[in-house]
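Residue-level structural notes
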Amino acid sequence: MIDGIEPVTKRSNAEKRNAIKAALLHPHGVILSDRQIGKYVGVDGKTVASIRQELDLTGESPQSSLRTVHRSDQVYQFQVNRSHRSDQLPANIPQ
């Protein structure tokens, strides 16, 4: 330990998952892209997308039809297509 700096400990998958869920359920997190949330939480955007899809399918996720994306110095907003239906749930997700 260097003068009050704690060593970084590796987070468990459960801790990462909880951090992603918290970010996705936050009112501001609804409009952020998967990549932005991944960067903030410290995981890959594909991991965020997977958990976002689980939350969407189970109805836990707040719904927003807009997503905000930052590219270089530009900010874009686009419509999100939410076309999956509850009767198309994978077998491992309870209805």
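I will try to describe carefully the structure that is included in this document. Quick caveat, the model's predicted, so the values are computed rather than measured.

**Side note on the overall build of the protein chain**
- Helix and strand counts for the protein chain come out as three helices and two strands.
- In the protein chain, of all internal contacts separated by at least 6 residues, the share reaching a separation of at least 24 is 49%.
- Accessible surface, the protein chain: about 7,100 Å² in total, of which carbon and sulfur atoms supply 52%.

**Some details on the nonpolar core**
- If you look at the biggest cluster of nonpolar residues, it comprises 10 residues: Ile 20, Ala 23, Leu 24, Leu 32, Ile 37, Val 41, Val 43, Val 48, Ile 51 and Leu 55.
- Setting aside chain neighbours within four positions, we find Ala 23 in contact with Gly 29, Ile 37 and Val 41.

**Considerations on helix α2 (residues 34-41)**
- Looking only at α2, the buried set comprises Asp 34, Gln 36, Ile 37, Gly 38 and Val 41.
- Of the residues flanking the end of α2, it is Gly 42, one or two places downstream, whose phi is positive at about 95 degrees.

**Some words on the environment of Gln 36**
- As for its placement among the helices and strands, Gln 36 is situated in helix α2.
- When its relative accessible area of 18% is taken as the criterion, Gln 36 is described as buried.
- C-alpha of Gln 36 to C-alpha of Val 69: the two residues are 33 residues apart in sequence and 7.7 Å apart in space.

**Focus: the pattern of salt bridges**
- For the structure shown, the criterion picks out two salt bridges.
- Measuring nitrogen to oxygen at the nearest pair gives 2.3 Å for the salt bridge that ties Glu 54 to Arg 17. Here Glu 54 is found in helix α3 (residues 45-58), whereas its partner Arg 17 is found in helix α1 (residues 13-25), with 37 residues between them in sequence.
- With a relative accessible area of 29%, Glu 54 lands in the partly exposed category.
- On the accessibility criterion, Arg 17 (32% relative accessible area) is partly exposed.

**So, the environment of Arg 11**
- Structurally, Arg 11 is set in the segment before α1.
- In contact with Arg 11, not counting residues within four places along its chain, are Lys 16, Ala 19, Val 41, Gly 42 and Val 43.

Cut-off values and rules
- Residues numbered from 1 in each chain as written.
- Predicted model: local features only at pLDDT ≥ 70, side-chain atom pairs only at ≥ 80, totals over all residues.
- Heavy atoms only, no water.
- Helix = DSSP H or I, 4+ residues; strand = E, 2+ residues; numbered from the N terminus.
- Contact = heavy atoms within 4.5 Å.
- Areas by Shrake-Rupley, 256 points an atom, 1.4 Å probe, with all protein chains shown as cover.
- Core = buried A, V, L, I, M, F, W, Y, C linked by side-chain atoms within 4.5 Å.
- Buried < 20%, exposed > 50% of the residue type's maximum accessible area, 1.4 Å probe, protein only.
- Salt bridge = Lys/Arg side-chain N within 4 Å of Asp/Glu carboxyl O.

Function-wise, these values are silent; they only describe arrangement.
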